[in-house]
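# Structural overview for review
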Amino acid sequence: MSNDENSDRLSQGEIDEAWNIFVEEAEEHLGIIENALLTLEGNPDDAETVKQLFRSLHTVKGMAGLQGLGGLHRLSHKTEDVVGLVRGGGAAMETFMIDLLLEATDAIKTMVAESITSRTCPAPSEELLGRLENLCLQHQHQDQTASSSSSEADITEIFDPSESECAALDPD
């Protein structure tokens, strides 16, 4: 093996160091996530807290992906998607949404704890993933329906025959 091939591989020390950073950062960001959700319970319109929540979920998701923790990455991603609905202005932070996000955060915390002890990741609850996904799909559907209704109203307004100049010329 050449030196170039060796330089592409991480030493066990580097792997351990990356793992320790993951553990420290994950615990820090989980604290931020929990605090943000508790803040949003009292003030669901706090845009800065929503941004902070999104950033911390994004960080946990990315770190999980780098460590090869697929289940944690997947759950963090779906949870981040829900927060993204609010962050992007497509949904209001509602009580049921905060409850679902708290449940997902508890599951993420459990997965992180199990990952820390075993360096492997348990599979996330398919039922929880499904509820997160359904919430996103509902809002996408509502956005599409609202957009479609808005477009139809705009077209009707623009092409309303009773308002057109041609209707005024028609003697019937």
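Residues numbered from 1 in each chain as written. Predicted model: local features only at pLDDT ≥ 70, side-chain atom pairs only at ≥ 80, totals over all residues. Heavy atoms only, no water.

### Remarks on the pattern of salt bridges
For the structure shown, the criterion picks out eight salt bridges. Across the salt bridge formed by Lys61 and Glu80, the nearest N and O atoms sit 2.8 Å from each other. Here Lys61, found in helix H3 (residues 47-66), pairs with Glu80, found in helix H4 (residues 70-87); they are 19 residues apart in sequence, far enough to count as distant. Taken as a pair, Lys61 and Glu80 share a single burial class, namely buried. Ionic pairing is found between Arg74 and Glu126, a salt bridge with its closest N-O pair at 3.0 Å. (Salt bridge = Lys/Arg side-chain N within 4 Å of Asp/Glu carboxyl O. Helix = DSSP H or I, 4+ residues; strand = E, 2+ residues; numbered from the N terminus. Buried < 20%, exposed > 50% of the residue type's maximum accessible area, 1.4 Å probe, protein only.)

### Some thoughts on unusual backbone geometry
Leave glycine aside and you will find that most residues have negative phi; peptide bonds, for their part, are mostly trans. We note that Arg119 has phi near 60°; this positive angle belongs to a residue other than glycine. Its location among the elements puts Arg119 in the loop between helix H5 (95-118) and helix H6 (126-158). Overall, the relative accessible area of 37% leaves Arg119 in the partly exposed class.

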